[in-house]
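Now for the letters of each chain:
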Amino acid sequence: MPNALITGITGQDGSYLAEFLLEKGYRVYGMVRRTSTFNNERIHHLLGRIELIDADLLDQLSLIQALRQSQADEVYNLAAMSFVATSFQQPVATGEYTALSVVRMLEAVRLADWPIRFYQASTSEMFGKAQTVPQNEHTPFYPRSPYGVAKLYGHWITVNFRESHNMFACSGILFNHESPRRGHEFVTRKISRSVARIKQGLQDKLVLGNLDAQRDWGFAGDYVEAMWLMLQHRYGLRTRGHLRLATLCGDRPTPLPTL
């Protein structure tokens, strides 16, 4: 039975990935940060089937200990400060949790005395002011937010560790992916939640920003399967025999008014 360690297991993607890996016969470990209150809403139904490990992305030793405790064969690094607007308000914290945490986890993987496959959750926000339309793995990056910049560091440090240390480390550049487990601050849930509240008489109107925005939206449950497939890959886009990079998206952008 393979072991998998998921950072960010309490988030949307982490919860779907945990379900998927359990169905595949994995022993699933989730890394969580100790707080006075535990946010387990998305994984409450899995608590008897997964094991949670206390660790902190800012603490190198705790990451090493999490790997030792889980004896992970695969690490899915999903944890980050993931709300773009907040990254402008807290750029330093965004850098610590979204950028430097990646190199801490990579270093912990490098120091392990058993082989580990590493997946880094990159993002389409790295394209930012896109230089070509549509984007692909060869499109130049031009991030426009502290979040995008921090993710770009995580992306390139993954490349560096892969090439410098011959590690099985890959990145998935994910475009927007949604589900009922999305946080209420994200536009898809903001819209659906507001519609329900207006229907129930709890809210009068829905206020949005740029109505000209278009996004490539997919389903989070499909995207986590693609993450897993990347770590099973042996041929294709190759660096020393394994898949190094993939862009995960749908087939067309959707205007916000259409949504």
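Rules and cut-offs
- Residues numbered from 1 in each chain as written.
- Predicted model: local features only at pLDDT ≥ 70, side-chain atom pairs only at ≥ 80, totals over all residues.
- Heavy atoms only, no water.
- Core = buried A, V, L, I, M, F, W, Y, C linked by side-chain atoms within 4.5 Å.
- Buried < 20%, exposed > 50% of the residue type's maximum accessible area, 1.4 Å probe, protein only.
- Helix = DSSP H or I, 4+ residues; strand = E, 2+ residues; numbered from the N terminus.
- Contact = heavy atoms within 4.5 Å.
- Axes fitted to C-alpha atoms, helices over the stretch in contact; angles between N-to-C directions.
- Left-handed = near helix turned anticlockwise from the far one by under 90°.
- Nonpolar A, V, L, I, M, F, W, Y, C, P; charged D, E, K, R; others polar.

1. Here we look at the nonpolar core
Phase 1 of the analysis: Counting residues in hydrophobic clusters, the biggest one holds 29 residues, and the most contacted among them are Ile6, Ile9, Leu21, Val28, Tyr76, Leu78 and Tyr119.
Phase 2 of the analysis: Elements that contribute at least two residues to this core include exactly β1 (3-7), α1 (12-23), β2 (27-32), β5 (117-123), β6 (168-174) and α7 (220-232).
Phase 3 of the analysis: Counting residues per element, this core draws most heavily on α7, which supplies seven residues.
Phase 4 of the analysis: Apart from the residues within four sequence positions on either side, tyrosine 119 is in contact with Val75, Tyr76, Asn77, Leu78, Cys170, Ser171, Gly172, Leu174, Met227, Met230 and Leu231.
Phase 5 of the analysis: In this structure, Val75, Ile116, Ile157 and Ala169 belong to the second largest nonpolar core, which totals 27 residues.

2. Section: helix α2 (residues 60-70)
Phase 1 of the analysis: The complete set of buried residues in α2 reads Ser62, Leu63, Ile64, Ala66, Leu67 and Ser70.
Phase 2 of the analysis: Elements in contact with the buried residues of α2: β1, β2, β3 (51-54), β4 (74-77) and α4 (91-111).
Phase 3 of the analysis: Phi turns positive one or two residues past the end of α2, at glutamine 71, with a value near 50°.

3. A few points about the packing of α1 against α7
Phase 1 of the analysis: Two numbers describe how α1 lies on α7: the axes approach to 9 Å, and their chain directions differ by 65°. Here α1 runs over α7; the crossing is right-handed. Taking contact as the criterion, the partners of Gln12, Asp13, Tyr16, Leu17, Phe20 and Leu21 in α1 are, on α7, Ala220, Gly221, Val224, Glu225, Met227 and Trp228.
Phase 2 of the analysis: Of the residues belonging to the contact of α1 with α7, the class tally is eight nonpolar, two polar and two charged.

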